[in-house]
Every structure is written in structure tokens, then in C-alpha cells.
Amino acid sequence: MGRSTTAKDAEALVHSLRSAYSATPTNLKIIDFYIAFAVVTALIQVVYMAIVGSFPFNSFLSGVLSCVGTAVLAVCLRIQVNKENKEFKDLPPERAFADFVLCNLVLHLVIINFLG
Amino acid sequence: MALEDTQEKAVRHAFGNVLSLFVLLLIGVFAFSIRLFSVIKYESVIHEFDPYFNYRVTQYLTKNGVYDFWNWFDDRTWYPLGRVIGGTVYPGLTLTAGTIWWILNFFNIPLSVETVCVFTAPIFSAFASWAAYLLTKEVKGVGAGLTAAALLAMVPSYISRSVAGSYDNEAVAIFALIFTFYLYVKTLNTGSLFYATLNALAYFYMVCSWGGYTFIINLIPMHVLLCIITGRYSSRLYIAYAPLVVLGTLLAALVPVVGFNAVMTSEHFASFLVFIIIHVVALAYYIKGILTPKMFKVAVTLVVSVGMIVCVAVLAILIAVVASSPTKGWSGRSLSLLDPTYASKYIPIIASVSEHQPPTWPSYFMDINVLAFLVPAGIIACFFPLSDASSFAVLYIVTSVYFSGVMVRLMLVLAPAACIMSGIALSEAFDVFGRSIKLQFPIGNQTDDVNAGNSSQVSTNNSVKQESEKTENTLKERPVKKSKKKEKEKEKEKEKSESTSITKQIEKKLLILPFEASLVAIVLLVLLGSFYVVHSVWAAAEAYSAPSIVLTSRSHDGLHVFDDFREAYAWLRHNTDVDDKVASWWDYGYQTTAMANRTVIVDNNTWNNTHIATVGTAMSSPEKAAWDIFNSLDVKYVLVVFGGLVGYPSDDINKFLWMVRIGGGVFPHIKEPDYLRDGQYRIDSQATPTMLNCLMYKLSYYRFVETDGRGFDRVRHTEIGKKYFKLTHFEEVFTTHHWMVRIYKLKPAKNRIRGQTKKSKSKTSTGKNNQKRGTRATKKNPYP
């Protein structure tokens with residue numbers, strides 16, 4: 001009996017999550033998709049490392065951290081561009097995107113240097 | 001009316017800005033000048049020991065370029081092992097000085113490398129004061145910022161490590177530390193990703209400069225955790241922290257000294273742990289935002305039950321991995337910070353450095369003086385109101401006080417925190433007292449109106465005006481009177497228009513103290529400040545400006561200058577071959593390679609304990625055994641520092657017990673009790689025979705009795721035990737003018753060994769007879 005209520009609860013939860021999420025605007029969904037893509041890429045790299053071994057370690061580190069880094073930066077962009085966020089209502093989204101690009105530039109410069 | 005109002009406000013705002021800029025410029029000039037005492041009193045020379053290594057590295061960089069510097073393998077030190085300079089040095093300082101030199105030479109300003117190195121520290125201390133201004137401005141406001149900058153410019157603890165000539169990592173590292181903290185707080189306050197990028201780059205500069213960067217990468221996660229726990233999570237916190245971790249770890253891994261330690265040592269695990277935690281919290285807040293409260297509760301119960309199991313499993317794996325390493329993944333130095341007794345038990349080299357001892361109580365008063373009791377006032381002021389930035393400042397001061405209590409060297413990290421806190425405290429105090437004086441200035445019947453008008457003005461005006469008020473309050477009477485007059489005119493107009501707001505704002509009570517009390521209090525605070533300034537200037541001039549390579553003493557017939565060290569290194573440089581190896585205790589390694597340009601066996605880097613123990617054993621052994629050890633290392637010259645003739649207390653005989661301890665730690669036949677009589681360390685006639693026969697004793701006191709007839713050691717205050725002896729395996733080649741440095745040469749091996757040969761060991765009784773005769777024959781030393 002407890003099982004079915006939790007299963008029903010889980011189902012209701014998933015349903016409500018899905019319905020709430022579909023209400024988000026399209027530009028935010030694009031950013032979310034990019035974040036998911038970056039995280040999946042990082043996971044693939046970790047699995048590959050587990051299979052093949054971690055030499056050379058700096059390449060593995062730079063690869064994984066570039067995916068994680070760009071995901072984090074995309075989350076920051078999403079925070080700043082989200083219209084429901086009161087703290088950033090007077091920040092033009094172009095400025096947010098420019099910051100995102102700048103930070104990504106620095107990140108990838110470091111990555112390429114560290115890739116080895 | 002309104003237009004005049006805004007115009008007047010703009011003019012006062014502009015006036016305040018120009019004034020604070022001017023004050024900042026003066027603070028920078030002051031910070032630079034107060035550090036020049038050693039250049040004025042002695043000469044423009046590099047101090048101490050470590051700066052000589054940095055100077056030599058900078059010389060190499062300027063001569064050979066960045067690529068050769070990055071890949072440099074130094075074979076003139078730690079003979080025969082060598083040292084990979086590119087991979088074991090923090091390059092920030094040398095690259096900074098090299099860049100400054102290169103820029104100056106590009107504009108045809110021919111300053112030598114030595115001049116640039118000597119003056120790098122004062123320049124960066126001016127920058128550090130400006131960075132402290134920026135940081136405190138983010139925490140509290142412009143007035144506090146200026147006060148903090150002025151305090152940091154002359155705090156004795158920072159002066160001690162950044163005088164002109166002290167060319168060490170801390171000279172640029174403290175600037176990088178404060179600047180990184182400023183950018184972090186700025187990102188926290190504004191939520192701008194641009195400042196987050198700058199923050200990561202400033203952190204990179206800090207990692208390049210000093211091993212103390214681990215303080216930053218542990219303090220910031222601690223602060224983020226504190227904010228999350230106290231319910232101050234916001235998206236700005238995420239933007240301030242998450243990019244820093246990723247970019248910061250990558251940038252730290254770029255520096256060869258850190259390399260993969262950035263992801264593998266326990267010093268960085270805190271940042272990763274908090275990285276995970278902040279993502280979980282961010283996700284939780286996001287889901288809370290898009291779900292209804294009922295559904296959120298369901299989600300929470302579901303997630304908690306599943307998540308707990310996963311968390312426990314991951315934690316168990318992590319603990320198993322960390323616990324499997326004997327030091328739990330921490331490096332020796334960091335572990336000795338967390339557990340102060342660790343170093344003395346396991347790593348005697350770390351315990352022997354005088355900078356690593358805990359500080360005494362008076363050293364707090366000597367090093368941060370008046371700030372020591374302004375800091376608690378500042379901590380309280382930070383709580384009214386408590387913001388993210390002020391909670392960060394409080395956390396910073398608390399952690400730095402703990403670490404400064406462990407190691408006296410870390411008083412340097414305490415100094416900026418103390419200055420920030422004291423700046424806040426002083427600024428708040430001046431604010432209250434100035435306001436009390438201004439509002440109660442005896443005008444007669446207008447006191448009430450002035451009260452109400454001013455209280456409404458102060459509370460309704462925006463922070464801009466408040467800041468300009470504060471700047472004026474930090475100065476003295478005249479500007480206060482000027483602003484008071486302006487406000488009196490303004491409040492008359494405003495009173496009519498804002499009658500309703502006045503009644504509302506009167507509820508907001510501003511602290512007004514009695515007039516005479518505040519006047520006296522301001523006078524006393526100014527007096528306190530003057531005591532601080534006097535002490536700082538005295539400390540800079542007398543206590544911290546000694547170059548320690550040149551010593552002076554005053555006597556009845558004038559000033560004596562002891563330039564023995566440079567005399568000895570110059571002798572070595574001119575009278576020995578380029579490839580000769582010099583053995584000495586590790587203190588003098590850097591200076592020997594830099595000034596004498598000879599290969600040394602051990603130096604101040606102390607990375608190889610066994611090698612140092614070898615030298616220590618040699619110094620503690622009798623002559624023959626020492627000669628064998630030195631000969632196996634290809635040593636040609638042995639250098640000994642001796643202060644007995646002039647009373648120089650930091651000589652090798654005083655350091656000798658550490659040689660015994662370190663040597664005994666690796667070679668068990670050296671036992672410390674052999675050198676002590678009744679647990680006491682002595683070199684007089686009561687000393688043990690092991691002590692009187694060891695190499696250090698002999699090399700220090702050889703022919704010492706010829707100086708005054710009875711061999712009175714001015715440092716140990718006794719006559720020496722063994723006065724007349726000859727050296728069998730060493731010969732003296734140079735002793736400096738005041739006998740402070742003595743250089744000996746190893747005598748070459750004898751061609752024939754009288755009587756005793758190697759084969760005789762396995763022979764019969766005839767061999768034994770030979771041995772007996774041999775030993776009797778070689779025992780010819782008339783002065784045992």
C-alpha cells in the first residue's frame with residue numbers, strides 16, 4: 001500500500017515538474033539543452049577515462065573541466081537572462097551574453113593551453 | 001529648488017570623489033616611502049636569504065628569456081641532485097619583476113635588475129593599500145575604505161615582509177590576496193559574470209605568487225557554506241562561486257608547482273565539496289520555484305530518501321580513499337597548520353624554521369599595534385547590518401587570527417584583515433561622533449529643527465550623499481562646519497516639503513551622543529591614530545629595516561659596519577674555481593649561489609631532508625668521518641658562520657643542535673644526548689667529548705684562542721673548552737675581518753696510509769700486529 005502511494009506521488013511529481021517546465025520560455029530551454037549536452041559530454045569523457053585509463057591526466061582534466069565549466073557559465077547566463085529573476089531585471093540580456101562569451105573565451109584559452 | 005538641490009549634491013559628490021582620490025594617492029606615496037628606511041640607512045641591497053634566490057632567478061629570467069626560465073634545471077645547487085627550478089618555484093614574483101624590468105628597458109630607462117627587485121615590494125605595497133580601499137569600500141563604504149587603506153599602508157607586520165630589499169613572495173602575494181578578495185566581494189555584491197572572470201584571473205595571479213593561495217581556496221568555500229547555512233543563498237552567490245571553482249582549478253593546475261595537486265590534494269577538496277553542495281542547493285531552489293508547495297513537499301521526501309543513500313555511499317568511498325594515505329592527503333606544511341604539534345613530532349626541518357614558531361603575545365602588539373583592540377569593535381560594526389560582504393570580512397578575520405596563532409609568519413595574513421576591521425570600526429566611530437557634534441553644535445533654538453531635518457535628510461537621502469558625508473567626517477573641523485551650514489539652508493527648504501516624511505523618519509533613531517563626550521572622543525581617537533603612526537614609523541625604521549646581510553653596531557667610537565658575509569662570498573667568487581663545491585648549513589645556500597656563484601650542497605629550499613641530514617651528520621662527526629662524507633660529495637670548501645668574536649647570535653654553533661637533530665633523524669648513530677651535558681648544551685670545559693671533537697666545534701674555534709688569549713665566546717658567555725688543537729683533514733683558507741665567516745678547504749687524500757691497509761682486516765695474527773703498530777703510529781696528534 002505504501003508503495004503505490006509513493007509511486008502515485010512520484011508520478012504526480014513528474015507530471016507537475018513536466019508541466020511547470022514546459023511553461024518556461026524558449027530561449028531558456030535552449031540554454032538548458034546546452035547545459036544538458038555539456039554535462040552528458042563530461043560524463044562520456046569520465047566513462048572513457050574509466051575504460052582507457054587516465055594517461056595523459058592533463059588532457060582528461062582539461063576536457064572534463066571544459067565541459068563542466070561551460071555548463072556552469074551557461075547556468076550563470078540563464079540566471080541573468082531569466083525575466084522572473086528580480087535581482088537582474090535591469091541587466092540587459094546582451095550584456096549578460098557578452099559576459100558569458102568573455103568568460104568562455106578565457107576558459108577555452110586556458111583549456112587549449114592545458115590540453116597538452 | 002530641486003535643480004539647485006541636485007546640482008549641489010553633484011558638486012559635493014564630485015568634491016568628495018576628488019578628495020578621496022587625492023587621499024588615496026597620498027596613501028600610496030606614504031606606503032612606498034615608509035619602506036625605504038633600509039635603502040636610506042644602509043644601501044639598496046637585497047636582504048635576508050630567500051630574496052637572494054629570487055634575485056638569482058630573476059637575473060636568469062632577464063638574461064635568458066621566459067622559455068629558458070620555464071624549463072630551467074639548476075645544477076649549481078643541491079649537488080649532485082640539482083633542482084628543477086621551473087617546476088618548484090612560484091613564478092609570480094620573478095615574472096612580475098622581470099616584466100617591470102623589461103617594460104622599463106623597452107622605454108630606455110636603464111634600471112638594473114637589482115634596483116627593480118629591491119623596489120618591487122614597496123610599489124606593490126602601495127597597490128595593496130589601494131586594493132584594501134576597494135575591498136573595504138565594497139564591505140562598508142568609502143570612509144571605511146580610506147581608513148583601512150591608510151592603516152594597511154603602515155601596519156608593521158606587512159612592512160616587515162615588504163621593505164625595500166625584501167624581495168620575497170609575500171611582497172606581491174598580499175596584493176594579490178586582497179585584490180582577489182575584493183573581486184570576489186564585488187562579484188557577490190553585483191552578480192556580474194565579468195567580475196567573476198576577473199576574480200578567477202586574480203586568483204591565478206595569487207596561485208602563481210605564493211603557497212598561501214590555499215587560504216583563498218578554503219576561505220571562499222567556507223564563506224559560501226556559511227551563506228547557504230544562514231539562509232543567504234542567492235543567485236549572485238552562485239555566480240560568484242561556481243565559475244571561480246572551475247576556472248580557478250584549471251588556472252591553478254596550469255602553474256607547474258601546483259600541477260595536479262590542484263585536484264588531488266586535500267587542500268582543494270573543500271572547494272569541490274562546496275561546489276557540489278551549491279549545485280544541490282541551487283537545484284532545490286529552482287524546483288521550489290517552479291512547483292507548488294504541496295508537490296515540493298512530495299519531491300523533498302522522495303529525494304531525501306533516495307539521496308541520503310547515494311550520499312552515504314559516496315562519502316564512504318571518499319573517506320576510504322582519503323584515509324588510506326598516511327597524511328590524509330594534506331601536505332606536511334598544511335598539516336602543521338591544522339595540527340600545530342605535527343611538525344615538531346615528524347618533520348624537524350619545518351619545526352626548526354624560526355618563522356614557523358607560534359607567536360608570543362607581545363608580537364601581536366608589535367605587529368598590529370592599536371588594531372589589536374579595534375578589531376573586535378569592527379567585528380561588531382559588521383553586524384549592523386549584516387550583509388554577505390561583511391559576513392565574509394568577519395570570517396576572514398576569525399580564520400586569520402587562528403592561523404596567525406599557529407605560525408608567526410602568518411601574522412602577515414592577519415594584517416589586512418585587521419586593517420579592514422579597524423578601518424570599519426574607526427569609520428563608524430567617526431561617523432557617530434561627527435554626527436553628534438554636527439547635530440548638537442550650539443546654535444541655540446534651532447537644535448530641534450536641525451535634529452529632525454538632519455535625521456530625515458540622512459535617512460532619506462541615498463547612499464551617495466552618505467558616502468560623501470563619511471569622507472568629510474574622517475577629516476577634521478572645517479569641512480564639518482561647511483557641510484553643516486549647507487545642510488542648515490537645505491533643511492529649511494526641505495522641512496516644508498517633506499513634513500510627512502519627517503514625522504515618519506523621526507521613528508528611526510540615529511545614535512546621538514552628548515556633545516562634549518563626542519568632542520573628547522574624537523580627540524582621543526585622533527591621539528590613538530597618532531600613537532599608531534608613531535609606532536609604525538619606529539618599527540619600520542628600527543626593527544624591520546635591517547638587511548641582515550650587513551650588520552651595524554654603535555659603540556663609543558662610532559658606527560661599526562660588519563660586512564663579513566659579502567666579504568666571504570666575494571673571496572669565494574675570486575679565489576676559487578667556478579666548479580668548486582661549497583658545503584655549509586642550508587641557511588646560506590641561496591646567498592652562496594647568488595653572490596659567490598659557486599655550487600652548494602644544500603640550500604634554503606630544504607626539499608630533501610636526507611641531503612640536509614647528510615650535511616648535518618658531517619658537521620656533527622669527528623674530522624675523519626666528516627672528511628669522508630664531504631669527500632664523497634665532491635666538496636672542496638666548507639663555510640662556517642661564527643659569531644663568538646663579535647657577539648653575533650645567529651651563528652652555526654647556536655644552530656648546531658638542529659644539525660644534530662636533523663642528522664640524527666636520518667642517521668641513527670648521531671644521538672643528541674651525546675652532545676649535551678646533563679641535558680644542557682655547552683661548549684666550555686664541561687662539554688662532552690663528542691661535542692668537543694665534532695667538526696662544527698673545531699671549525700668554529702680553530703685558533704680562536706689567539707684573539708684574546710683565553711678564547712672567550714661572546715655569544716655563549718664562556719671560555720671555550722678545547723683551546724689548542726690542530727686540524728688534520730681541513731685547512732683554513734679564509735677568515736673574515738670580524739671572524740664571522742670562516743672558510744676551510746678539504747685537504748687532499750693522503751697518497752700512502754701508514755701501516756694500515758684494507759687487506760689487513762682479513763689477515764691472521766701478523767695482520768693484527770700490523771694493525772696495532774699502525775694505530776699507535778697514526779696516533780701522533782700532540783693536541784688531542
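Every value quoted in this text rests on a predicted model; they were computed, and no experiment measured them.

Analysis parameters
Residues numbered from 1 in each chain as written. Chains lettered and ligands numbered in written order. Predicted model: local features only at pLDDT ≥ 70, side-chain atom pairs only at ≥ 80, totals over all residues. Heavy atoms only, no water. Helix = DSSP H or I, 4+ residues; strand = E, 2+ residues; numbered from the N terminus. Contact = heavy atoms within 4.5 Å. Areas by Shrake-Rupley, 256 points an atom, 1.4 Å probe, with all protein chains shown as cover. Lys, Arg positive; Asp, Glu negative; His and termini not counted. Charge placed at Lys NZ, Arg CZ, Asp CG, Glu CD. Disulfide = S-S within 2.5 Å. Buried < 20%, exposed > 50% of the residue type's maximum accessible area, 1.4 Å probe, protein only. Buried area = accessible area lost by both parts, 1.4 Å probe. Salt bridge = Lys/Arg side-chain N within 4 Å of Asp/Glu carboxyl O. pLDDT = per-residue confidence, 0-100. Axes fitted to C-alpha atoms, helices over the stretch in contact; angles between N-to-C directions. Parallel < 35°, antiparallel > 145°, perpendicular 65-115°, else oblique. Left-handed = near helix turned anticlockwise from the far one by under 90°. Nonpolar A, V, L, I, M, F, W, Y, C, P; charged D, E, K, R; others polar. Expected span 1.5 Å × (residues − 1).

**Let's talk about the overall build of chain A**
Counting its regular elements, chain A contains four helices and zero strands. Its helices and strands taken in sequence order, chain A reads α-α-α-α from the N to the C terminus. With the principal axes as the frame, chain A shows a C-alpha extent of 55 × 45 × 20 Å. Of the contacts formed within chain A by residues at least 6 apart in sequence, a portion of 67% connects residues at least 24 apart. With an accessible surface of roughly 7300 Å², chain A has 71% of that area assigned to carbon and sulfur atoms. Each charge class in chain A can be summarised by its mean position, and for the 9 positive and 8 negative side chains these summaries are 5 Å apart.

**Description of the state of the cysteines**
Such a bond, covalent and formed between the sulfur atoms of two cysteines, is termed a disulfide. If you walk through the whole model with that rule in mind, you get zero disulfides over all chains. Cys76 of chain A supplies the cysteine sulfur nearest to Cys103 of chain A, a cysteine that is in no disulfide, at a spacing of 7.6 Å. The class for Cys103 of chain A is buried, based on a relative accessible area of 0%. You can see Cys117 of chain B has no disulfide; the closest cysteine sulfur is in Cys208 of chain B, sitting 17 Å from it. Accessibility expressed as a relative area gives 1% for Cys117 of chain B, which makes it buried.

**Remarks on the interface of chain B and chain A**
Across the contact, 33 residues belong to chain B and 37 residues belong to chain A. Note on chain B versus chain A: buried area summed over both sides is about 3000 Å², and carbon and sulfur give 83% of it. Three residues stand out in chain B for area buried against chain A, namely Leu193, Leu250 and Phe260 of chain B, and they jointly supply 20% of the buried area on that side. One salt bridge in this structure joins Glu87 of chain A and Arg236 of chain B, with 3.4 Å as the shortest N-O distance.

**A closer look at the confidence of the model for chain B**
Residue and element names in this part refer to chain B. Averaged over every residue, the pLDDT of chain B is 83; residues scoring 70 or more account for 84%. The secondary structure element of chain B with the lowest average pLDDT is helix α25 (residues 463-474), at 40, and the one with the highest is helix α11 (residues 193-209), at 95. Predicted confidence is poor over residues 444-507, with pLDDT under 50, and the contacts of this stretch with residues over four places away or in other chains come to 78 contacts. Confidence over residues 762-777 falls short of pLDDT 50; this stretch has four contacts with residues more than four positions distant or in other chains. This prediction of the complex comes with two scores: 0.84 for pTM and 0.93 for ipTM.

**A closer look at the packing of helix α29 (residues 564-575) of chain B against helix α30 (residues 589-596) of chain B**
Residues and elements named next belong to chain B. Their axes nearest at 9 Å, the elements α29 and α30 cross at an angle of 55 degrees. Of the possible angle classes, the one that applies to α29 and α30 is oblique. With respect to the hand of their crossing, α29 and α30 are arranged in right-handed fashion. Residues Arg566, Tyr569, Leu572 and Arg573 of α29 form the contact with α30, whose own contacting residues are Gln591, Thr592, Ala594, Met595 and Ala596. Tallied by class, residues from the contact of α29 with α30 come to five nonpolar, two polar and two charged.

**Looking at helix α22 (residues 388-406) of chain B**
The terminal C-alpha atoms of α22 of chain B lie 28 Å apart, and with 19 residues this matches the ideal 27 Å at 1.5 Å per residue to within 8%. The buried fraction of α22 of chain B is high, at 15 of 19 residues.

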